[in-house]
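# Examination of the molecular architecture
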Amino acid sequence: MYNAQAKKTKVLIVDDDVNICKLVSLYLAKDEILSDSCHDGETALQKLADGSYDVVLLDIMMPGMDGLATLTELRKFSDVPVIVLSARGEPMDKISGLDKGADDYLAKPFEPQELIARIKAVLRRLKPSGSEPKKRIELFNLVIDLSDYTVQLDGLRVDMPPKEIELLYMLASKPTHVFTRENLLDGIWGVGYVGDPRTVDVHIKRVREKLGDNKHWKLTTVWGVGYKIDVF
């Protein structure tokens, strides 16, 4: 599994366009971010199997195994954060990428500064300062721990990518409190997030699918407003 405590930041660029890989690698190098690249989904999965990368930049339109298929296979064994880079910028394309397990979606062409900013935002979430207190919430049979980004249900670990864990933590931090989509976007994706606000809905859906029904608490939709965790 992905190790959020890795000492060095390393990004895997997956794109069949060799020139884009070289260009993105130069952007990252200027910010002292290490990078590696490959040009097809099968090779990407092989490289990612050992958990040595901190972030994946994944193109969607690749020959053979495309980006969405690659992402589906990746999520079977790794929760490494994935930022999709794609020429497809329509809302449904973004939702499809997020629904498959992507953590962010950036349409081509993109500004180098925005790409770097999104990578750094992911890294900040995964590598909290050592001076921060341990962040752990226990809600009946649910335990969410941001110190090591783990979720346990009935004593068993539930694999979730970082954004899903942070979303669940934020909701569980104030049971019965209604968080608007804007609250959740600002708290997890950051103030000024310019992506699709339905990102929250997609992540909520994935969290519900992983946690299932529970007799002690329930992740509830407040129609027209947002979401909350009810307790019984």
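As a reminder, the structure under discussion sits directly above these lines.
The notes below deal with the structure included here. (Residues numbered from 1 in each chain as written. Predicted model: local features only at pLDDT ≥ 70, side-chain atom pairs only at ≥ 80, totals over all residues. Heavy atoms only, no water.)

This brings us to the overall build of the chain. When helices and strands are counted, the chain shows 8 helices and 12 strands. A buried classification covers 48% of the 232 residues belonging to the chain. Sequence separation of 24 or more characterises 61% of the internal contacts of the chain that already satisfy a separation of 6 or more. Here the chain has roughly 11400 Å² of accessible surface; of this, 53% comes from carbon and sulfur atoms. (Helix = DSSP H or I, 4+ residues; strand = E, 2+ residues; numbered from the N terminus. Buried < 20%, exposed > 50% of the residue type's maximum accessible area, 1.4 Å probe, protein only. Contact = heavy atoms within 4.5 Å. Areas by Shrake-Rupley, 256 points an atom, 1.4 Å probe, with all protein chains shown as cover.)

Should their charged atoms come close, side chains of opposite charge can pair. Taken as a whole and assessed by the stated rule, the structure comprises 15 salt bridges. Two residues, lysine 108 and aspartate 59, come together in a salt bridge whose shortest N-O distance is 3.2 Å. With lysine 108 in the loop between strand 5 (104-107) and helix 5 (112-126) and aspartate 59 in strand 3 (residues 55-59), this residue pair connects regions lying 49 residues apart in the sequence. Exposure class is identical for lysine 108 and aspartate 59. Each is buried. As a salt-bridge pair, aspartate 103 and arginine 75 come within 3.2 Å of each other at their nearest N and O atoms. One end of the pair, aspartate 103, is in the loop between helix 4 (91-99) and strand 5; the other, arginine 75, is in the loop between helix 3 (67-74) and strand 4 (82-86), with 28 residues separating them in the sequence. (Salt bridge = Lys/Arg side-chain N within 4 Å of Asp/Glu carboxyl O.)

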